[in-house]
Each structure stands twice: as structure tokens, then as C-alpha cells.
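Listed here are the chains, written in short residue letters.
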Amino acid sequence: MRVLSGIQPSGKLHLGNYFGMMKPALELQDKQAETFLFIANYHALTSVQEPSAMRSGTEDVAMDFLACGLDPRKTVFYRQSDVPKVHELAWLLSIVTPMGLLERCHSYKDKTARGITPTHGLFAYPVLMAADILAVQSDIVPVGQDQKQHVEVTRDLAIKFNNRFGETFKVPEPLIKDDVAVVPGIDGQKMSKSYNNSIELFLPQNELRKACMRIVTDSKSVADKKDPDKCNVFALYRLFAQKEKCALMAARYREGGIGYGDVKKELAELIWQYFSAARLKREQLQANPGEVERILREGAEKARQVIDITLKKSRTAVGLE
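Residues numbered from 1 in each chain as written. Predicted model: local features only at pLDDT ≥ 70, side-chain atom pairs only at ≥ 80, totals over all residues. Heavy atoms only, no water.

*Asks:* Sorry if this is basic, but what is going on with the overall build of the protein chain here?
*Replies:* Regarding its fold elements, the protein chain presents 15 helices and 5 strands. Against the compact-globule benchmark of 20 Å for 321 residues, the protein chain has a radius of gyration of 22 Å, which places it among compact chains. Considering only C-alpha atoms, the protein chain reaches an extent of 75 × 45 × 40 Å along its principal axes. Each of the 321 residues in the protein chain was classed as buried or not, and the buried ones make up 48%. A separation of at least 24 residues holds for 77% of the contacts in the protein chain among residues at least 6 apart in sequence. With 45 positive and 40 negative side-chain charges, the protein chain shows a spacing of 1 Å between the two charge centroids. (Helix = DSSP H or I, 4+ residues; strand = E, 2+ residues; numbered from the N terminus. Rg over C-alpha atoms; globule rule 2.2 N^0.38 Å. Buried < 20%, exposed > 50% of the residue type's maximum accessible area, 1.4 Å probe, protein only. Contact = heavy atoms within 4.5 Å. Lys, Arg positive; Asp, Glu negative; His and termini not counted. Charge placed at Lys NZ, Arg CZ, Asp CG, Glu CD.)

Listed below in C-alpha cells is the structure:
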């Protein structure tokens with residue numbers, strides 16, 4: 001079974017990225033799956049158009065994944081821009097892509113509704129995403145609910161291409177894990193770079209503590225009984241604390257006598273300890289950027305070996321070879 005995941009270098013990775021995408025992707029590499037993971041810097045160009053931000057963001061994502069446990073011996077880890085043949089494949093897919101299919105994509109409509117300038121890149125984003133997936137002949141694509149439609153578009157394009165030009169692509173399946181929690185941000189909305197409400201993975205300890213202290217709560221006093229299931233602080237706390245510790249904290253909420261400030265301080269300490277080994281690894285990688293570059297280039301070479309075969313097959317199918 002071949003699995004593909006990708007993430008954009010469009011800002012510092014945060015707790016929502018970790019629990020929503022990173023941790024599930026890292027768990028896959030220890031299962032019986034051939035895992036491909038790429039840094040989607042072509043896709044990020046729709047929102048990141050400052051060259052220095054793109055370069056530093058790409059390097060940050062690479063270091064974050066390696067620090068958190070990505071093993072390049074088990075996962076093909078590469079930059080999207082190091083395999084530019086995906087763009088040729090995107091063009092071949094575009095000839096079977098109905099305009100109406102792209103016009104119905106929620107992501108495009110949501111982003112333009114938020115004031116993002118509508119461009120061809122933003123509009124054609126799902127075709128490039130389809131090329132990323134189909135280029136490696138992926139069986140499974142782990143995605144959040146918000147990206148499910150893009151995998152459905154990929155399936156449609158693979159089927160249309162296969163029907164018109166002959167069997168060329170595997171038709172992938174989305175993998176949506178129901179048990180992946182929606183991680184709340186500081187304001188209680190889903191944690192997102194777009195909402196400016198995130199807690200980054202590798203903040204300095206004092207900044208991490210300040211971020212946790214800013215988490216929005218209700219106005220109940222220390223003495224009041226509280227509902228842990230309706231508390232943003234507890235929703236984050238349960239991601240890091242052991243089961244027994246969570247149960248004890250939930251009981252203290254319901255009994256009263258504990259203030260949100262105390263829970264926030266404890267949460268900050270839990271987060272700091274959880275990422276302590278990853279933080280040390282990241283510092284080592286930051287001191288040796290050549291090692292990060294070597295891993296990405298070796299990953300790109302492995303990816304190209306697979307993608308070259310797919311592209312040759314696609315070019316032959318349409319009559320270019």
C-alpha cells in the first residue's frame with residue numbers, strides 16, 4: 001500500500017498541524033505502508049510570495065518533521081519543487097478537467113470569500129494536487145474533512161483520464177481518521193495560521209507560557225464548578241496529559257476550586273515537556289542545515305524514480321511518445 005501526504009510551508013507549524021497531520025503521517029511510517037511525504041512549496045505560492053519567507057518556511061517544515069520523528073529510511077521525504085515533472089502531469093490532467101468541477105471546489109470559494117485574490121493558481125490548485133497524488137500512484141491519501149473534496153476531484157480526473165486514454169493511474173482513496181481531534185486555537189476556533197490563533201510547536205518557553213495564558217475561557221471564578229468538555233484549555237490539556245491525569249483534572253473542574261490560570265500554566269509545562277526531545281533534535285538540525293538538504297535531495301531522487309515512470313506512461317497514453 002502506498003500512502004501520500006503533503007503540507008504547505010506557509011507559516012510556522014503549530015499544535016493543530018501536529019495532531020491533525022504530522023502525528024498521523026509519522027505513525028504511518030511504522031506500519032506496512034510505503035509512505036511519501038512532500039513539502040508543498042508550489043502550492044504555497046498561492047499565499048506566500050516573499051522569496052525569503054518561502055525558503056525559510058520550507059526549511060522550517062523539513063526540520064520540524066525530522067525533529068518530530070520522520071525517518072527518511074522509512075518515508076520518501078521531498079520538496080515538491082524538486083520534482084517539477086508533476087507540473088507536466090498537471091497539464092496532462094488539465095485536458096480532462098471540466099471547468100465546472102473546479103468551480104464547485106469549496107476551498108477556492110472559501111479563500112476568495114475571505115478576500116484572497118482569485119488567480120489561476122488558486123483556481124487550478126486541485127489539478128496540481130491531483131498530479132501530486134497520481135504521480136506516485138498513491139493508494140491512500142490521509143486528509144482532513146476539509147480536503148476530502150480535493151481527493152474526490154483527483155479520483156474523478158484519474159477515472160476520466162483512464163477512460164479516455166487507457167488504464168494509467170491508480171484511483172486513490174481518502175483516509176479520514178474520525179479520531180483525529182479538532183485542535184482549538186487560542187480564541188476557541190479551529191487552530192489555523194489563517195486565524196492567527198495558533199500555538200507553534202517550538203516556541204521559546206516564556207512565549208509558550210504567554211500563548212497558553214491567552215487561551216479564551218469563560219468568566220467562572222476559582223470556586224465555581226466547571227465543565228471540562230466545554231473548555232478550550234482542557235481540550236488542549238487532554239492531548240498531552242496521560243489518561244489518569246486527565247481524569248483527575250476533569251474531576252477538579254467539576255468539583256470547583258481550580259482556576260483556569262493554574263490549568264494554563266500546567267498545560268504550558270506539559271507541552272514543553274512533550275516536545276523536549278524533538279526540540280533538542282531540531283537544535284541539532286538547525287546547526288547542520290547541510291544534513292537537512294541532503295535528506296530532501298535524496299528523498300526527491302527516490303520520488304523521481306517513481307514519478308518518471310508515471311509520466312512516461314502518461315505521455316505515451318496521450319501520444320506524446
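*Asks:* Honestly, the pairing of strand β2 (residues 34–39) in this entry has me stumped. Any pointers?
*Replies:* Within a regular strand, the side chains alternate between the two sheet faces. The element β2 is extensively covered by neighbouring structure, given that 5 of its 6 residues are classed as buried. Examined bridge by bridge, strand β1 (residues 2–7) and β2 share 6 bridges and lie parallel to one another. Each residue of the ladder has a partner; that of I7, found in β2, is I39. Following the chain from β1 across helix α1 (residues 15–28) to the adjacent parallel β2, one finds a crossover that is right-handed. Summarising the sheet, β2 and strand β3 (residues 75–79) pair through 5 bridges and their orientation is parallel. Following the sheet pairing, F36 is matched in β3 by V76. (Pairing = 2+ DSSP bridges. Right-handed = clockwise from strand over helix to strand, strands pointing away.)

*Asks:* In this structure, what is going on with the pattern of salt bridges? I would like to understand it.
*Replies:* Opposite charge on two side chains permits them to pair, given that their charged atoms come into close proximity. For the structure shown, the criterion picks out 22 salt bridges. Between K245 and E266 there is a salt bridge, with its nearest N and O atoms 3.7 Å apart. Highlighted residues: K245 in helix α12 (residues 243–255) and E266 in helix α13 (residues 260–274), separated in sequence by 21 residues. Via salt bridges that share partners, K12, D60, D64 and R282 belong to a single interconnected network. (Salt bridge = Lys/Arg side-chain N within 4 Å of Asp/Glu carboxyl O.)

*Asks:* Looking at this structure, I do not really get the packing of helix α8 (residues 125–135) against helix α9 (residues 148–165). What am I missing?
*Replies:* Describing two packed helices takes the angle between their axes plus the distance from one axis to the other. Relative orientation of the contacting elements α8 and α9 amounts to 70°, with a least axis distance of 9 Å. In terms of axis orientation, α8 runs roughly perpendicular to α9. Contact residues: α8 offers Y125, P126, M129, A130, I133 and L134, while α9 offers H150, V153, T154, L157 and A158. Partitioning the contact of α8 with α9 into residue classes produces 9 nonpolar, 2 polar and no charged. (Axes fitted to C-alpha atoms, helices over the stretch in contact; angles between N-to-C directions. Parallel < 35°, antiparallel > 145°, perpendicular 65-115°, else oblique. Nonpolar A, V, L, I, M, F, W, Y, C, P; charged D, E, K, R; others polar.)

*Asks:* Explain the side chain of T35 here, please?
*Replies:* When you line up the elements, T35 lands in strand β2. Once residues lying within four places of it in the same chain are set aside, the contact partners of T35 are V3, L28, Q29, K74, T75 and V76.

*Asks:* Honestly, helix α15 (residues 289–318) in this entry has me stumped. Any pointers?
*Replies:* Counted at 1.5 Å a residue, the expected span for α15 with its 30 residues is 44 Å, and the 42 Å between its end C-alpha atoms agrees. The largest bend along α15 reaches roughly 25° and is located at R304. Among the residues of α15, those classed as buried are V292, I295, L296, G299, A300, A303, V306, I307, T310, L311 and S314. Positive phi appears at G319, one or two residues downstream of α15, with a value of about 95°. (Expected span 1.5 Å × (residues − 1). Bend = angle between axes of the 7 residues up to and from the residue.)

*Asks:* Would you explain unusual backbone geometry in this entry?
*Replies:* Among all residues except glycine, the phi angle is most often negative; among peptide bonds, the trans geometry is most common. Positive phi outside glycine occurs at Q137, with the angle close to 55°. Counting through the fold element by element, Q137 comes out in the loop between α8 and β4 (140–142).

*Asks:* Quick question: what am I supposed to make of the packing of aromatic side chains here?
*Replies:* The relative placement of two aromatic rings is captured by the distance of their centres and the angle of their planes. The tally for this structure, following the rule as stated, stands at 17 aromatic pairs. Judged by centre distance (5.9 Å) and plane angle (85°), the rings of Y18 and Y274 are edge-to-face. Within this pair, whereas Y18 is found in helix α1, its partner Y274 is found in helix α13, the two being separated by 256 residues in sequence. Taken together, a centroid distance of 5.8 Å and an interplanar angle of 25° make the contact between F38 and Y78 stacked. Of this pair, F38 sits in strand β2 while Y78 sits in strand β3, placing them 40 residues apart in sequence. Y78 matches F38 in its accessibility class, with the two residues each being buried. The structure contains a cluster of three or more aromatic residues connected by ring pairs, namely Y18, F19, F202, F240, Y274 and F275. Here K111 stacks its cationic end above the ring of Y125, 5.0 Å away from the centre of that ring. (Phe/Tyr/Trp six-rings, centres within 6.5 Å; stacked < 30°, edge-to-face > 60°. Lys NZ or Arg CZ within 6 Å of the ring centre and 35° of its normal.)

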